[in-house]
Structure formats: C-alpha cells, structure tokens
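Chains, contacts and geometry: an overview
Listed below, chain by chain, are the residues.
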Amino acid sequence: MKVVEALNLEKTYPDGTRALRGVNLSVERGEFVGVMGPSGSGKSTLLHLLGGLDKPTKGKIILFGREIQNLPEDELAKFRRQRVAYIFQFYYLLEDFTVLENLTVVGEIAGVKEPKAKALELLKFLRLTHRINHKPHQLSGGEQQRVAIGRALITNPKLILADEPTGNLDSAEGERIFRLFHELNKKGITFIVATHNENLVPFFSRVLRIRDGKLIEPP
Ligand SMILES: Nc1ncnc2c1ncn2[C@@H]1O[C@H](COP(=O)(O)OP(=O)(O)OP(=O)(O)O)[C@@H](O)[C@H]1O
Ligand SMILES: [Mg+2]
C-alpha cells in the first residue's frame, strides 16, 4: 500500500526561490526513508508538502490514496489528524503550556484514549518525567526536541515525517530515539526522516538524496 506519492512536485516561494524542481517519489507502508542532502537543498520543503502543511506550486501529492494539494485547509487538517504526525526542525511547542499539556492537548484533539496516561508513559521513555510541569522556554534544546517527539507519537500516527529529529541530541540520546522509531516502524508506522547526518544512514531502509530541489537517482 502506498502511503504517500509525489508527482512532479514543484515549490517556488513568493520571493522566487525554487526550493523543489520536479520531485517524484513513492513511499510504501512500512518503509523507513531517509531524505538526505545539504542545507538548503529542499528537505524541509519536501516534508512540509508531503504532510500537507504547505501547498505545492505545481504537481500532485497523494496521501493515503487522496489527492491533497487542492483540499480546503479544514478538510486537510481533519484528514491529516489521525494519520500523519510531524516532528519539526524547530519544534513549535505551545509556549504557554507545560510539557505534559503539550502532549495531552494534541492527544485530546486527536481523540486518543487516556491522553494523560499515554503522555506520561511517553515522557518517561523520553526521560522527561522531572520536567513535565515546566514550560518549553525552561528546557534545553534537546529536551524541547524530545517533547516535540512525544507530541508526534501520542496521536498513534500511521506516517511520521521527522525533520532533523535528533539534530539537538547527543549521539547516545539520538540513538535511543532512533531505536524507538525502529520499534514503531516494525509495528507498521512509516517514517520519512530528513537529515544531513550520514551516521544515520544504516537506520534507513532507503535513502533519497536531494540536491538543489531535485532527487538524485541512485546509480
Ligand atoms: N519561506 C521561504 N521563503 C523563501 N525561501 C525559502 C523559504 N523556506 C525555505 N526557503 C529556501 O528554499 C530552499 C530550500 O529550503 P529548505 O528549508 O527546504 O532546505 P533544507 O534542505 O531543509 O535545509 P536545512 O538542512 O538547512 O534545514 C533554500 O534555498 C531556502 O533558503
Ligand atoms: Mg530543513
């Protein structure tokens, strides 16, 4: 089963920057795909488009069998909610909420059963139990990153789009997170992970290389 497909995807930002220049890809259920390329090559732009967080200038995106590029915003949000979770490169945590609330709010919106128990369990794994009543600005970068990961996991998504999810973690913590991702992947969750960390290559079932807004075909 195809989880997401991109057909001739182009993205030109309002200032004229051509961030994606004709990307074609197809990801099957159960894959653990790495999107790798230098800074500015279009990784974040591609992940945003695949998850329906931004619209392409041209081309099609088929997410869980549904063409999404023309869907109205509210319908798209609803369609995404139970299926896709996004781990942002720059977290976007709710600043006025505690760590625990950052997870439970998202869990409640997504209709998760017992969101608080689930949140506490995730935060324990993420080694944040001692920080659950803190606000994001009181946390280190790596701690905020782990909250963002917890927030993505609480909705039981079928697809996780992760943008440099371990960029702010030391290598031991990063490895722990990737091992968790692997366990989730074995249970059928599909991952697409953007990174420029070549040490993560062994974790991926397939690596897509991107340069200047285009995927490079493997030799
Ligand atoms: N909102 C925006 N407006 C204009 N240009 C943008 C915008 N967002 C990104 N870009 C440009 O689009 C190109 C691709 O950016 P993108 O953020 O997708 O790269 P990236 O591969 O994720 O880089 P990094 O590894 O640094 O996160 C870059 O040239 C960037 O400057
Ligand atoms: Mg990026």
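In this text the structure is predicted, and so the values were computed from the model without any measurement.

Judged by nonpolar contacts, the single largest core of 53 residues is most densely connected at Val35, Leu50, Ile160, Leu161, Phe191 and Ile192. No other element matches helix α5 (residues 141-153), which puts 5 residues into this core. If we ignore the near neighbours within four places in the chain, the residues touching isoleucine 160 are Ala85, Ile87, Ala152, Ile189 and Phe191.

On to the pairing of strand β9 (residues 206-211), then. Across 4 bridges, the pairing between strand β3 (residues 32-36) and β9 is parallel. The residue of β9 that forms the bridge with methionine 36 is arginine 209. Relative to strand β10 (residues 214-216), β9 is paired through 3 bridges, and the arrangement is antiparallel. Note on β10: the bridge partner recorded for arginine 209 is isoleucine 216. Between β9 and β10, which follow one another and run antiparallel, lie 2 residues, and aspartate 212 among them has a positive phi close to 45 degrees.

Between its first and last C-alpha atoms helix α6 (residues 171-186) spans 22 Å; for 16 residues at 1.5 Å apiece the expected length is 22 Å, and the two agree. Inspection of α6 places Gly174, Phe178 and Phe181 among the buried residues, and these make up the whole buried set. All buried residues of α6 fall inside an arc of 55 degrees around its axis, so they share one side. Turned more than 90 degrees from where α6 packs its buried face, Ala172, Arg179, Glu183 and Lys186 sit exposed. Backbone geometry just after α6 places glycine 188 at a positive phi near 110 degrees.

The subject of this paragraph is helix α3 (residues 99-109). Within the sequence span of α3, burial applies to Val99, Leu100, Asn102, Leu103, Thr104, Val106 and Gly107. Next to the buried residues of α3 lie α4 (115-125) and α5.

It is worth spelling out the pairing of β3 at this point. Of all the 5 residues making up β3, 5 are buried; the element is thus mostly covered by neighbouring parts of the structure. Summarising the sheet, β3 and strand β8 (residues 190-195) pair through 5 bridges and their orientation is parallel. Looking at the pairing, methionine 36 lines up with threonine 195 of β8.

Moving on to the sheet that holds strand β2 (residues 18-28). Read across the open sheet, the 4 strands follow the order β2-β1-β4-β5; overall the sheet is antiparallel. Looking at the sheet topology across the chains shown, the edges are occupied by β2 and β5 (66-67). Of the strand pairs in this sheet, strand β4 (residues 58-63) and β5 are connected by 2 bridges, and their pairing is antiparallel. The residue of β5 that forms the bridge with leucine 63 is arginine 66. With respect to the sheet, helix α1 (residues 43-50) is in contact with β1 (2-12), β2 and β4, its orientation differing from that of β1 by roughly 125 degrees.

Cut-offs used in this document
Residues numbered from 1 in each chain as written. Chains lettered and ligands numbered in written order. Predicted model: local features only at pLDDT ≥ 70, side-chain atom pairs only at ≥ 80, totals over all residues. Core = buried A, V, L, I, M, F, W, Y, C linked by C-beta atoms within 7 Å. Buried ≥ 20, exposed ≤ 12 C-beta atoms within 10 Å, placed from the backbone. Helix = DSSP H or I, 4+ residues; strand = E, 2+ residues; numbered from the N terminus. Contact = placed C-beta atoms within 7 Å. Pairing = 2+ DSSP bridges. Expected span 1.5 Å × (residues − 1). Arc of directions from axis to C-beta. Axes fitted to C-alpha atoms, helices over the stretch in contact; angles between N-to-C directions.

Purely geometric stuff here, so don't read any function into it on its own.
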